[in-house]
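In case you want the letters, here they are:
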Amino acid sequence: MTLDTSRRGFLKSAAAAAAVLYVGARPDGVLAAASAPAQLNPFVRIDADGTVTAIVKHFETGQGPATGLTTLIAEELGVPMEGIRYEFAPSDPSRYANLAFGQMQGTGGSTAMANSFLQYRKAGAAAREMLIRAAAEAWGADPAELTLADSIIKGAGQEAPLAEFVAAAAQMEAPAEPRLKDPGDFRLIGNPQVKRKDSRPKTNGTATYAMDLHLPDQMVAVIIRSPRMGGLANGFDDAGAKAVKGYIRAAVLPNQAGVAVYAEDTWAAFQARDAITVDWDVSNAESRSSDQIREELLAAVNAEPEYNVNGADHAATAAQIEGAAKVVEQTFYFPLLAHAPMEPLTCTIEADADGGITLHDGCQFPTGPHMAMAQIFQLPMEKVRISTMFAGGSFGRRATPTADYQVEAALAFALTDRSRPVKLVWSREDDITGGYYRPAVAHRVRVGLDADGSITGWDHRVAAQSIMKGTAFEAFSVHDGVDHSSVEGVADSPYRIPGQFTGLSDAAKATSILWWRSVGHTHTAYVMETMLDAAARAAGRDPVDFRLALLEGGGTDQQRLAGVLKLAAGKASWGRAPEGRSQGIAVHKSFGSYVAQVVEISGNAGDGVKIEKVTCAVDCGLAVNPDVVKAQMEGGIGYGLGHAMRNEITLTAGAVDQSNFPDYEPLRIGDISAIEVHIVPSAEMPAGVGEPGTPPSAPALANAIAVNGPRVTELPMTRNGVRFA
């Protein structure tokens, strides 16, 4: 063996050892490659040793993008799942915008896979073609003769690991339109044996959540917030806190929204906080009780609606209903709900050596906090960095229009000399008593049926506290005064309902309100599906057949909704429940996915209901990771059922009554005996799965209870005539 010890040979070897191939897209969206990431937003990085890393632009809170996006790259590139790693993308909306949100980087609306499916596949395919081209040049072969699989390039009588060609590939132009794999050749996409990439670190304790972060010499800050929404802090007395070991000081936040309490550790911060008294100005704070809010919403749905959502002739609909053989009418009420993620809110801010700052956070919408930090600290955007970490649950809570907890952390940090990192910590009590909530909503529905049991008219009124109005998302969701998130699932229902009128009235916000897992579908699916069930039974028709009749003759939406309805009914042996059991069914489209569920129960509302089984059918297009899809359906079902069964946030004179899991009890593992998930095989583009499992679950349970018990029209069920075994 001859060693090349020349300067030229040494530099060539050193360059190869340091070479890195980045493949992604330029800010204009055109696919590109580079040996450094400065000119593009890389989705895949391949180091000189052949290590492949997926740059994941959606945060991971358990819903699966860390696995899904790596799967797309691994599939197209030709590497096994164990041969690819992942890391979270930096905050940079010009490079990592969610295409569903415009120029904003964030995760939500079950858009991660739908938004990134082609981006990440194309990046993996481009990297594959470049590496093969580099190998072909080295071997003097035709690229068409070569393949890349299991990280090995083969063909023309030779083979070598892809690492040997990273340096050469890093100097090439990316193909503008790389050839994507035919679905028939998929080995990873759609494979139920592909397991989650984040399961091992989360179970062995090596995964780092924002709550786990402990920087050298950090302070912990907690906030004393007004017991009533909208109260302002005038001042405080910390004489008692000075006796707490580890207490440093306290200060009123610049916006007067609270008092920051600083200590050496979390325990000392909470102990000191409890010893401080605050002088609150509550002259403009919320003072209504839950009963008052409920009465206002119910009055609104019994009055003329503020907005005609679908432009239907209200008078004509009313006449069709009045002239019907039967009229089915119900009024519904849904209380405020908390998100209650298992990991309470937390983030850490530290100063950087270059005069910038870094925010460490399980960050769901990086763009909002990024802009807020730049404004608060008067820094250019490039001087603000966000290190995205694992988040222990969110359900929407970690993405607020005001970047609430990140702004609190920034204000708390700004009040210091910035020589020490500041870690903001919320307790669960903080979030349940003073966070953001699913808004309270009321519905009133009147349905007319003719002598044959067919619908003649459907008058649907909604009164809600608008989530989007007054926020940066207003232009996205509010049109002609209508906040679509208040009526989604009603105004755009796939059911072909004759004479349907939808009206909306806005109500005054009682608290800080926010999207909650599946947003408006949390209440609209419940109303639509329980009303359809009530109408079917009033007509003396089978609830499944009644729904299918309203989907006949339709297009893709109707066909796919009917498909999951039939699948769920068949797998659940609809109509053939064992003696002593009842079944309820519901089906709903949300976030591009179609989900039907059959809930089978034993017992009754008076003596105690036991959920014996939930059978779920989902059509989410191509299921990239069936194991993740199944888990998200199971989690969404549990989340929807648990809240409908027993959860609510109530107010007394503007203050939240609940504080933690003893009085805001989550679903427990014994509440559901079994869940069975069936995924419809599909070649359609992937749609969302993080939220669509939630909407049908509660109405399916309500419909099962109504077979031999009350029709529950106000939630939670435990407050309205239902006991659970």
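Along each chain, the written sequence defines residue order, and numbers are assigned to residues from 1. Thresholds applied to this predicted model are a pLDDT of at least 70 for local features of residues and 80 or more for the giving and counting of side-chain atom pairs; totals over whole chains, interfaces and linings are not thresholded and use all residues. Computation of side-chain values: all heavy atoms of the structure, hydrogens and water removed.

Colleague: What is the right way to look at empty space enclosed by the protein in this model?
Modeller: The method is simple in principle: a probe with the dimensions of a water molecule rolls over the atoms, and the space it marks as empty is what remains. A 1.4 Å probe that fits but cannot get out identifies a cavity on a 1 Å grid over protein atoms alone, an open set with protein on both sides within 12 Å along at least five of seven lines counts as a pocket, and a residue lines either if it has an atom within 4 Å of a point. Grid points are joined across faces, edges and corners, and a volume is the space filled by probe spheres set on the points. Inspection of every chain in the model, using the stated rule, returns 6 cavities of 30 Å³ or more. Quantified by volume, the largest cavity comes out at close to 140 Å³. Among the secondary structure elements, those contributing two or more residues to the lining of the largest cavity are helix 15 (521-538), helix 18 (626-646) and helix 19 (697-708). Strands are runs of DSSP state E lasting at least 2 residues, helices are runs of H or I lasting at least 4, and numbering of each runs from the N terminus. With 3 residues, the top contributor of residues to the lining of the largest cavity is helix 18. Lys, Arg, Asp and Glu make up the charged group, whereas Ala, Val, Leu, Ile, Met, Phe, Trp, Tyr, Cys and Pro make up the nonpolar group; the residues left over, Gly among them, are polar. Of the residues that constitute the lining of the largest cavity, the class distribution is 9 nonpolar, 6 polar and 1 charged.

Colleague: Mind showing me how you'd approach the layout of surface pockets here?
Modeller: Roughly 630 Å³ of volume is contained in the second largest pocket. Lining the second largest pocket we find 29 residues, and of these Met 229, Ala 257, Asp 404, Tyr 436 and Ser 512 sit closest to its centre. For the lining of the second largest pocket, the element with the highest residue contribution is helix 11 (residues 404-414), accounting for 4 residues. Across the lining of the second largest pocket, the residue classes tally to 11 nonpolar, 11 polar and 7 charged.

Colleague: Would you explain the sheet that holds strand 6 (residues 147-149) in this entry?
Modeller: In any sheet, the strands associate via hydrogen bonds between backbone groups, in a parallel or an antiparallel arrangement. Two strands make a pair as long as DSSP finds a minimum of two bridges between them. The 3 strands are arranged 6-7-8 in an open sheet whose pairing can be described as antiparallel. Of all strands in the sheet, those bounded by a partner on one side alone are strand 6 and strand 8 (158-161). Shown here is a sheet whose adjacent strand axes are inclined to one another by a mean of 20 degrees, direction ignored. Where strand 7 (residues 152-155) and strand 8 come together, 4 bridges link them in antiparallel fashion. Within strand 8, the position partnered with Lys 154 by the bridge is Glu 159. Axes here refer to lines fitted to C-alpha atoms; in helices the fit is confined to the stretch in contact. Angles between the N-to-C directions go from 0 to 180 degrees.

Colleague: Before we go on, may I ask you to explain the pattern of salt bridges in this structure?
Modeller: Close approach of charged atoms allows side chains of opposite charge to pair. Here, a salt bridge means any side-chain nitrogen of Lys or Arg that lies within 4 Å of a carboxyl oxygen of Asp or Glu. Counted by the stated rule, this structure contains 45 salt bridges. The closest approach of N and O atoms between Glu 177 and Lys 122, which form a salt bridge, is 3.8 Å. Separated by 55 residues along the polypeptide, Glu 177 in the loop between helix 5 (166-169) and helix 6 (199-204) and Lys 122 in helix 4 (residues 112-139) bring together distant segments of the chain. Throughout, exposure labels follow a simple rule: accessible area from a 1.4 Å probe, protein chains only, divided by the maximum for the residue type, with under 20% read as buried, over 50% as exposed, and the rest as partly exposed. Relative accessible area serves as the criterion here: at 26%, Lys 122 is assigned to the partly exposed category. Measuring nitrogen to oxygen at the nearest pair gives 2.8 Å for the salt bridge that ties Glu 295 to Arg 294. What you see here is one network of salt bridges that share partners, running through Glu 529, Asp 533, Arg 537, Arg 547 and Arg 711.

Colleague: Honestly, the sheet that holds strand 15 (residues 326-334) in this entry has me stumped. Any pointers?
Modeller: Ordered by their spatial adjacency, 5 strands build an open sheet running 14-26-23-22-15, and the pairing between neighbours is mixed. Strands with a single pairing partner mark the edges of an open sheet, and in this sheet they are strand 14 (307-308) and strand 15. Pairing of strand 15 with strand 22 (residues 441-449) involves 9 bridges; the strand directions are antiparallel. Note on strand 22: the bridge partner recorded for Val 328 is Val 447. In what follows, residue pairs with any heavy atoms lying within 4.5 Å of each other are defined as contacts. Helix 8 (residues 290-301) rests against strand 15, strand 22, strand 23 (455-464) and strand 26 (500-506) of the sheet, and its axis sits at about 150 degrees to strand 15. Contacting strand 15, strand 22 and strand 23, helix 15 crosses the sheet at an angle of about 155 degrees to strand 15.

Colleague: What is the right way to look at the nonpolar core in this model?
Modeller: Core analysis: the largest hydrophobic core is formed by 71 residues, its most contacted members being Ile 455, Trp 458, Tyr 495, Tyr 526, Ile 611, Leu 701 and Met 717. In terms of residue count, helix 15 provides more of this core than any other element does, 8 residues in total. Tyr 526 has contacts with Phe 332, Phe 334, Ala 698, Pro 699, Ala 702, Val 712, Leu 715 and Met 717, leaving out every residue within four places of it along the chain. One finds Met 130, Trp 139, Leu 148 and Ala 169 within the second-largest nonpolar core, a separate group that totals 59 residues. We call a set of buried Ala, Val, Leu, Ile, Met, Phe, Trp, Tyr and Cys residues a nonpolar core when their side-chain atoms join them within 4.5 Å.

Interpretation in functional terms is not warranted from these geometric data alone.
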